[in-house]
Amino acid sequence: EASEFETLADWKADIKAKLEEKAVDRAKIDSENAVVEKVVENAEVEIPAAMLDAQVEREYQEFAQRLMYQGMNIDMYMQYTGQTIEQMRETYREQAAKQVSGSLVIDAISKAEGIEVSPEEVEMNLVDMAKKYNMEVDKLKELIAEPEMENIKKDMVFTKTIEMLANNAVVE
């Protein structure tokens, strides 16, 4: 047996369903991003310099990592582009400011709205993660240290807050 599908029509129907699902997911993400962007745009946020600098550094390090995966290092890239490290970091500043202000605003909203995740929601998330990694939930729990578990919970609150904003957004 070469395939899980009995006919070509079954295979085409499966592909169509998966494409439609991806389109719906993409539309949801785009909608949520637009709502967050608008909320952040309308908020007055003072970004602590240390947070901005840390985010710029993360962006820079992620870029350097991507270059390494492509067989290049940051020095070679700067030589090709004629940029200095300071110029490169400056190019990340605007995006970093958006990310930090977005995080601060979403965090403030989640606190103001009292958005939390229940132990049951965390457990369901861990079950989903275990499925993705093809492992037992208990084994996954053993591998996750407490600081990482707190990050997972924060991410879940962040996601829940964005979903709440998107669900309650008024489109003009």
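On a predicted model such as this, the values are computed, not experimentally measured, just so you know. (Residues numbered from 1 in each chain as written. Predicted model: local features only at pLDDT ≥ 70, side-chain atom pairs only at ≥ 80, totals over all residues. Heavy atoms only, no water.)

1. Some points on the overall build of the chain
- Per the secondary structure count, the chain includes seven helices and zero strands.
- Moving toward the C terminus, one meets the helices and strands of the chain in the order α-α-α-α-α-α-α.
- Taking 172 residues into account, the globule formula puts the C-alpha radius of gyration at 16 Å, and the chain, at 21 Å, lies well above it.
- If you line up the chain on its principal axes, its C-alpha atoms span 60 × 45 × 45 Å.
- The buried share of the chain, reckoned over its 172 residues, is 24%.
- Restricting the contact set of the chain to residue pairs at least 6 apart, pairs at least 24 apart contribute 70%.
- Taken as a whole, the chain presents about 13,000 Å² of accessible surface, with 53% of it coming from carbon and sulfur. (Helix = DSSP H or I, 4+ residues; strand = E, 2+ residues; numbered from the N terminus. Rg over C-alpha atoms; globule rule 2.2 N^0.38 Å. Buried < 20%, exposed > 50% of the residue type's maximum accessible area, 1.4 Å probe, protein only. Contact = heavy atoms within 4.5 Å. Areas by Shrake-Rupley, 256 points an atom, 1.4 Å probe, with all protein chains shown as cover.)

2. Here we look at the packing of helix H4 (residues 85-113) against helix H7 (residues 146-168)
- Viewed as axis vectors pointing N to C, H4 and H7 meet at an angle of 80°, and their least axial separation amounts to 9 Å. The angle between H4 and H7 falls in the class roughly perpendicular. From H4, Ser103, Ile106, Ile109, Ser110 and Glu113 reach across to H7, where they touch Val157, Phe158, Thr161, Ile162, Met164 and Leu165.
- Among the residues forming the contact of H4 with H7, the class breakdown is seven nonpolar, three polar and one charged. (Axes fitted to C-alpha atoms, helices over the stretch in contact; angles between N-to-C directions. Parallel < 35°, antiparallel > 145°, perpendicular 65-115°, else oblique. Nonpolar A, V, L, I, M, F, W, Y, C, P; charged D, E, K, R; others polar.)

3. Description of the packing of aromatic side chains
- Summed over the entire model, instances satisfying the criterion amount to two aromatic pairs.
- Each ring, one from Phe63 and one from Tyr77, has its centre 4.9 Å from the other, and the planes form 75°; the classification is edge-to-face. Here Phe63, found in helix H2 (residues 49-69), pairs with Tyr77, found in helix H3 (residues 74-81); they are 14 residues apart in sequence, far enough to count as distant.
- Residue Tyr77 is classed as partly exposed on the basis of its relative accessible area of 24%.
- Between Phe63 and Tyr92, the aromatic rings sit 6.1 Å apart at their centres with planes inclined by 55°, giving tilted as the arrangement. Here Phe63 is found in helix H2, whereas its partner Tyr92 is found in helix H4, with 29 residues between them in sequence. (Phe/Tyr/Trp six-rings, centres within 6.5 Å; stacked < 30°, edge-to-face > 60°.)

4. Let's talk about helix H1 (residues 8-42)
- The end-to-end C-alpha distance of H1 is 51 Å, a good match for the 51 Å that 35 residues give at a rise of 1.5 Å each.
- Taken as a whole, H1 has its buried residues at Glu32, Val35, Val36 and Val40.
- Where the residues of H1 are buried, they touch H4 and H7. (Expected span 1.5 Å × (residues − 1).)

5. Remarks on the environment of Met88
- Within the secondary structure, Met88 is located in helix H4.
- Taking C-alpha positions, Met88 is 8.3 Å from Met78, a pair spaced 10 residues apart along the chain.
- Beyond its immediate stretch of four places on either side in the chain, Met88 contacts Tyr60, Phe63, Ile74, Tyr77, Met78 and Gln83.

6. A closer look at unusual backbone geometry
- Although it is not a glycine, Asn134 adopts a positive phi angle of roughly 55°.
- The residue Asn134 is located in the loop between helix H5 (119-132) and helix H6 (137-143) in this model.
- Residue classification places Asn134 among the exposed positions, given a relative accessible area of 72%.

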